Amino acid sequence: MRSLTRRFLIAGLASLPLARPTHAALVQYELSRAGTSVGFSFMLSGVAQSGTMPIQSADIRVDTDQLQNSRVTVVLNVAAARTRLPFARGPMLSKSVLNAQEFPSITFKSTRIQLGPTGRISEGATITGNLTVRGVTRPVTLQANLYREPGTEANDLNALSIRLSGALNRHEFGASGYPDLVADTVSLNIRAELTRKA
């Protein structure tokens, strides 16, 4: 599996330290449906195409003192995926690609977060987790940056904005249909907004 590179590129939290001496309990965050989009793109007959896939559920727990202890599980609704090119949707959901009828969801579950060189997530962090597509689970490594909203205080983590980007090889998950038409690589562009759960 190729490395799935990701970045959380929103303005704000550049100075937030990630490793403090104290240890806080995991705080649950809610995902804003309105402020979140999961986009993907692929090459079809040499022409770039794109689509979206809604989030079915998300369990996000953040340790605000030691963010490396945070945990994320996200489930995507495969059956509700859409493409900008309408006739591409059927083949994408077909048995030879995503097989949405038998595998209606895609899941990512983090297993390890490793901080950047100086312990600040604004300088990047490595997130390792298990990605399950078509019932096939493989470890992936994500490069990530997480930021608070612009204009908020340094210790105000009530709302966070996230952008994720990366790519994966669809064949490593068995989504190998239409190899003469569709390229191997699927690129991801995910934007999300989180709010601390009351």
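Residues numbered from 1 in each chain as written. Predicted model: local features only at pLDDT ≥ 70, side-chain atom pairs only at ≥ 80, totals over all residues. Heavy atoms only, no water.

Caption draft 1: How the structure looks around the overall build of the chain. Summing up its helical and strand segments, the chain has one helix and twelve strands in all. Beginning at the N terminus, the succession of helices and strands in the chain can be written as β-β-β-β-β-β-α-β-β-β-β-β-β. Out of the 198 residues in the chain, the part that is buried amounts to 42%. Of all intrachain contacts in the chain linking residues separated by at least 6 positions in sequence, the fraction that spans at least 24 positions is 66%. For the chain, the exposed surface amounts to about 10100 Å²; the carbon and sulfur share of it is 53%. (Helix = DSSP H or I, 4+ residues; strand = E, 2+ residues; numbered from the N terminus. Buried < 20%, exposed > 50% of the residue type's maximum accessible area, 1.4 Å probe, protein only. Contact = heavy atoms within 4.5 Å. Areas by Shrake-Rupley, 256 points an atom, 1.4 Å probe, with all protein chains shown as cover.)

Caption draft 2: Expanded view of the side chain of Ser70. Its location among the elements puts Ser70 in the loop between strand E4 (55-62) and strand E5 (71-77). A polar atom in the side chain of Ser70 sits 3.1 Å from the backbone nitrogen of Asp63. Residues contacting Ser70, with those up to four places away along its chain left out, are Leu26, Arg61, Val62, Asp63, Ser110 and Ile113. (Polar contact = N/O pair within 3.5 Å; in protein donor to acceptor, adjacent residues only side chain to side chain.)

Caption draft 3: Looking closely at unusual backbone geometry. The residue Arg134 is not glycine, and still its phi comes out positive at about 55°. As for its placement among the helices and strands, Arg134 is situated in the loop between strand E8 (125-133) and strand E9 (136-144). Given the relative accessible area of 18%, Arg134 is considered buried.

Caption draft 4: View of the environment of Arg82. Secondary-structure assignment places Arg82 in strand E6 (residues 82-83). Residues Arg82 and Pro54 lie 28 residues apart in sequence; the distance between their C-alpha atoms is 9.0 Å. Those residues in contact with Arg82 that sit more than four places away from it in its chain are Phe40, Gly51, Thr52 and Arg89. A distance of 3.3 Å separates the side chain of Arg82 from the backbone oxygen of Ala80, its partner in a polar contact.

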